[in-house]
Structure formats: structure tokens, C-alpha cells
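Observations on the three-dimensional arrangement
So the chains spell out like this:
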Amino acid sequence: VEEKLSEDEYPAGVKALLGNVYQRLDLGQRQANLLRALELYQEAEIFHGVEGEFEGRAIVLNNMGATCMELAAFDPAYFHQAIPYLEEALVFYEAESVISLRASICMVLGECYLELEESGPDHFELACDYYERAWALYEREADRDGLAASQGYLGDVQVALGAYKGEKSLEKAVQHYRNALGVYIEQ
């Protein structure tokens, strides 16, 4: 497929699908495969933007953000790169009122901000905001697993904020962990 791709100009959908294949390949070249997936997604995203295919572009942006998240295992700087892709995809899904995808993207954005290697609490506050948004969306959808996960991650953020805000954040962390545990016990 790569050989044929270099000979002919394929539509964005084919490039995006090939990006999906590379994103899932492991065969000992994980980082190289993810970088190739990101490259293909970027080509597809440009095409969707030019053609005004907003949903296709949002899907590709979301995939680009997810790929950057995976690349962050090799270089944490990719957390920064993932954020604008995911935030732009989120704008589309907010306009379309797709609650489950919004919640999922908010969770990934929360993780991006939580994992940023920056000084100060600002990125933790942003992580908290996205996890709280995910929590509210999961609550609307009655998604119990999503509720528990968002509560657990909110606990993680509050633990991180404890270094800046003290005991009050740690008390909030305990409450979020209890909420998550309560959901799991119910199920």
C-alpha cells in the first residue's frame, strides 16, 4: 500500500485508514509506526480542511491527538502536541452534541494536562476542568464506567494539586476515590 501510495494520490479517507493501520502496528517499531500514522493523519486532515469535510476532519484530529498521546511514551513533549488536535475535535463534537465522544475526548485532554511536565499548578487545574466535564457528560449518559474513571482521575489530579494547595486538595482526592469506589461497588 505504501508503494502504491507514493505513485498515486489517494483520497483523505484512504490515508486516514492507513494511519489507523500504522497506529495499531507493533512489530518492534512502535515509535516509527506511530510517527508514520501521524504523518498520514496530517495529510488527511489538510485535505478534509480544504474540502470542508468537518466531521472527517474532527475524526482525523481526534486520531492525531490519540497518536500523540501514544508517542508521549517515547517523548513527553507529544502531550503538548496532542492538546490542540483534541481541543479542536472537541469543538466539532460539542456543536454536534455527541456526548459520548465529548466525554472521551475530555478524558484524554485531562490526561494530557495531568501528564504535562510543567512547573506550577495551572496544568493540573486544566486537567481537573476536563475531568469534571467528562464526569458531567458521563453522568448525563448514565455511563457508570466513565463516571468511575473520571472520579478516579479527579482523585489523581487532586493528589498532584496537594503539593500546591495542601490538605484541602488531598481531602478532595479521597472523596473522588471514594466516589469511584462507590460506583464500582454498585456494579
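Everything here concerns the structure above.
Read on for an overview of the structure. (Residues numbered from 1 in each chain as written. Predicted model: local features only at pLDDT ≥ 70, side-chain atom pairs only at ≥ 80, totals over all residues. Heavy atoms only, no water.)

The next point concerns a negative patch on the surface. A grouping of Asp75, Glu111, Glu115, Glu117 and Asp156 is seen on the molecular surface, where their side chains present a negatively charged patch. The topology assignment puts Asp75 in the loop between helix 4 (54–71) and helix 5 (78–95). Using a relative accessible area of 34% as the deciding quantity, one classes Asp75 as partly exposed. (Patch = residues over 30% accessible without salt bridge, like charges linked within 9 Å, V, L, I, M, F, W, Y side chains within 5 Å. Areas by Shrake-Rupley, 256 points an atom, 1.4 Å probe, with all protein chains shown as cover. Salt bridge = Lys/Arg side-chain N within 4 Å of Asp/Glu carboxyl O. Lys, Arg positive; Asp, Glu negative; His and termini not counted. Charge placed at Lys NZ, Arg CZ, Asp CG, Glu CD. Helix = DSSP H or I, 4+ residues; strand = E, 2+ residues; numbered from the N terminus. Buried < 20%, exposed > 50% of the residue type's maximum accessible area, 1.4 Å probe, protein only.)

Let us now look at helix 8 (residues 144–165). Because each turn of an α-helix spans 3.6 residues, side chains separated by three or four positions in sequence point in the same direction. For helix 8, spanning 22 residues, the distance from its first C-alpha to its last is 30 Å, which sits close to the expected 32 Å at 1.5 Å a residue. Of all the bends in helix 8, the greatest measures close to 25° and is centred on Val159. Residue Asp143 occupies the N-cap position of helix 8, its side-chain oxygen lying 3.2 Å from the main-chain nitrogen of Asp145. Phi turns positive one or two residues past the end of helix 8, at Gly166, with a value near 80°. (Expected span 1.5 Å × (residues − 1). Bend = angle between axes of the 7 residues up to and from the residue. Polar contact = N/O pair within 3.5 Å; in protein donor to acceptor, adjacent residues only side chain to side chain.)

On to the packing of helix 3 (residues 30–51) against helix 4, then. Here helix 3 crosses helix 4 at 160°, and the two axes come no closer than 9 Å. On the basis of the axis angle, helix 3 is roughly antiparallel to helix 4. Considering only the axes of helix 3 and helix 4, their crossing is left-handed. Between helix 3, through Arg30, Gln31, Leu34, Leu35, Ala37, Leu38, Tyr41, Gln42, Ala44, Glu45, His48 and Gly49, and helix 4, the contact on the second element is made entirely by Gly56, Arg57, Val60, Leu61, Asn63, Met64, Thr67, Cys68, Glu70 and Leu71. (Axes fitted to C-alpha atoms, helices over the stretch in contact; angles between N-to-C directions. Parallel < 35°, antiparallel > 145°, perpendicular 65-115°, else oblique. Left-handed = near helix turned anticlockwise from the far one by under 90°. Contact = heavy atoms within 4.5 Å.)

So, about the packing of helix 2 (residues 12–24) against helix 4. Between helix 2 and helix 4, whose axes approach to 11 Å, the crossing angle comes to 20°. Overall, the two elements helix 2 and helix 4 adopt an arrangement that is roughly parallel. The two elements helix 2 and helix 4 meet at a crossing, and its hand is left-handed. Contact residues: Ala16, Asn20 and Gln23 in helix 2; Val60, Asn63, Ala66, Thr67 and Glu70 in helix 4. Tallied by class, the residues present in the contact of helix 2 with helix 4 amount to three nonpolar, four polar and one charged. (Nonpolar A, V, L, I, M, F, W, Y, C, P; charged D, E, K, R; others polar.)

Attention shifts here to the side chain of Lys15. As for its position among the elements, Lys15 is in helix 2. Residue class for Lys15 comes out buried when judged on its relative accessible area of 9%. A polar contact of 3.0 Å, which involves the side chain of Lys15, links it to the side chain of Glu43.

Turning our eyes to something else, we now look at helix 6 (residues 99–115). With 17 residues, helix 6 extends 24 Å from end C-alpha to end C-alpha; this agrees with the ideal 24 Å at 1.5 Å per step. The inward-facing, buried residues of helix 6 abut helix 4, helix 5, helix 7 (122–141) and helix 8.

That is the geometry; function is a separate question.
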